[in-house]
Amino acid sequence: PRYFALIPAAGVGARMAASGPKQYLKIGGKPMLRHAIDAFLFSELIAHTYVVVSADDPIIDSIVPSHGVTVLRCGGATRMESVRNGLAALAPTLRENDWVLVHDAARPGLDEALIEKLITTTGEHPVGGLLALPVVDTVKRSIGGELGTLSTVAREGLWLAQTPQMFRYKLLREALSAARDPNQITDDASAVEALGLSPKLVEGHPRNMKVTLPSDVRIAEMYLATAQP
Ligand code: CTP
Ligand code: MG
């Protein structure tokens, strides 16, 4: 089988509130997006890597390596639409049964070992698989709005989704075109689950955290400065 990487990188980073899109923030001297790209470039299992940016992105050309990566300037209004547009642009290139590993540009801690773990553990699973971490905190649900009374959600069986999430090209395209509300579909697996299918969970690693808030930057720097386990 062939494995391709698709990195949605067309977000604005509203919660980071930096002076530009967060995927270009430097972590350990290197833009976050470049960390994500390099993880796939170093993996011998990945045939090619595609990055989805917005049509008017002024920075991508200065950080993308000259080989092994293709930039698709077809980002959409939501992550789901960016992935959907990227997959549509690959129609002439990819085959129905090719695997696509979709990975957030905002996860700079990905490494070859996690990519290979995901691929080998998912194997030929009929649906696909994703990296995820078991929930360790006690989880509360507010019932009456933000400050409403609380109930506790049993954490047994709860996982936090990470990326990459790998699905066959045809299935992922179908799932994303069937999805109704792009704001509800915050990862690829949820679109596939909406078809009634169950992707496989593969335990990820905390270093593969998503950098979302300003306080995440230093934590990501710490992980990247630490030797991989
Ligand atoms: N993404 C995208 N297109 C969008 C929105 C998000 O390609 N219209 C990408 C982001 O660039 C990021 C990944 O999806 O790599 C995960 O999204 P998130 O962490 O939410 O990034 P942003 O949407 O940029 O951040 P925020 O939600 O705080 O604005
Ligand atoms: Mg977002």
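These figures come from a predicted structure and were not determined experimentally.

**Student:** Requested: an account of the UniProt feature "site: Transition state stabilizer" (unreviewed entry) in the protein, with residues and values cited.
**Tutor:** Per the UniProt record, "site: Transition state stabilizer" (unreviewed entry) is annotated on Arg-15 and Lys-22. Along the chain, the position of Arg-15 falls in the loop between β1 (3-8) and β2 (26-27). Residues contacting Arg-15, with those up to four places away along its chain left out, are Thr-212 and Leu-213. Following the sequence through the fold, Lys-22 ends up in the loop between β1 and β2.

**Student:** Lay out the sheet that holds strand β11 (residues 200-203) with the relevant residues and their values.
**Tutor:** Here we have 7 strands laid out as an open sheet, ordered β5-β4-β1-β6-β10-β7-β11, and mixed in their pairing. Two strands close off the open sheet at either side, each with one partner strand: β5 (69-72) and β11. Within this sheet the neighbouring strands show an average axis-to-axis angle of 25°, counted without direction. With 4 bridges connecting them, strand β4 (residues 46-52) and β5 associate as parallel partners. Each residue of the ladder has a partner; that of Tyr-50, found in β5, is Thr-70. Across the sheet, helix α3 (residues 79-89) touches β1, β4, β5 and β6 (99-102), and the angle it forms with β1 is around 140°.

**Student:** Residues and numbers for the environment of Asp-57, please.
**Tutor:** Among the structural elements, Asp-57 can be located in the loop between β4 and α2 (60-63). The exposure class assigned to Asp-57 is partly exposed, which follows from the 18 C-beta atoms found within 10 Å. Taking the C-alpha atoms as reference points, Asp-57 and Gly-68, 11 residues apart in sequence, are found 20 Å from one another.

**Student:** Quick rundown of the site of ligand 1? Include the residues and the values.
**Tutor:** Not every one of the 23 residues close to ligand 1 is listed here, only the nearest: Pro-8, Gly-11, Ala-14, Arg-15 and Ser-82. The residue inventory of the shell around ligand 1, partitioned by class, reads 10 nonpolar, 8 polar and 5 charged.

**Student:** Quick one: what's the story with unusual backbone geometry, residue by residue and with numbers?
**Tutor:** In this model, Thr-163 is joined to Pro-164 through a cis peptide bond whose omega is 5°. For Ala-17, which is not glycine, the phi torsion reads 50° and is therefore positive. Considering the arrangement of structural elements, one finds Ala-17 in the loop between β1 and β2. Residue Ala-17 is classed as exposed on the basis of its 10 C-beta neighbours within 10 Å.

**Student:** How would you sum up the UniProt feature "site: Positions MEP for the nucleophilic attack" (unreviewed entry) in the protein? Please name residues and give values.
**Tutor:** Per the UniProt record, "site: Positions MEP for the nucleophilic attack" (unreviewed entry) is annotated on Arg-155 and Lys-210. Locating Arg-155 in the fold gives a position in the loop between β9 (150-153) and β10 (159-168). Take Lys-210: it is sitting in the loop between β11 and α7 (216-225). Taking the number of C-beta atoms within 10 Å as the measure of exposure, Lys-210 has 17 and is therefore partly exposed. With near-sequence residues (within four places) excluded, Lys-210 lies in contact with Asp-104, Ala-106 and Arg-107.

**Student:** Give me the lowdown on the nonpolar core, citing residues and values where you can.
**Tutor:** One broad rule of soluble globular proteins: the nonpolar side chains tend to lie buried together. Grouped together as the largest cluster of nonpolar side chains are 53 residues, with contacts concentrated most on Leu-6, Ile-7, Val-51, Val-52 and Val-100. Top element by residues in this core is helix α1 (residues 32-42). It accounts for 6 residues. Setting aside chain neighbours within four positions, we find Val-52 in contact with Leu-6, Ile-7, Pro-8, Ala-9, Ala-10, Leu-72, Cys-74, Gly-75, Ser-82, Asn-85 and Gly-86.

Cut-off values and rules
Residues numbered from 1 in each chain as written. Chains lettered and ligands numbered in written order. Predicted model: local features only at pLDDT ≥ 70, side-chain atom pairs only at ≥ 80, totals over all residues. UniProt positions renumbered as here; feature names shortened; annotations may be inferred. Helix = DSSP H or I, 4+ residues; strand = E, 2+ residues; numbered from the N terminus. Contact = placed C-beta atoms within 7 Å. Pairing = 2+ DSSP bridges. Axes fitted to C-alpha atoms, helices over the stretch in contact; angles between N-to-C directions. Buried ≥ 20, exposed ≤ 12 C-beta atoms within 10 Å, placed from the backbone. Near = placed C-beta within 6 Å. Nonpolar A, V, L, I, M, F, W, Y, C, P; charged D, E, K, R; others polar. Core = buried A, V, L, I, M, F, W, Y, C linked by C-beta atoms within 7 Å.

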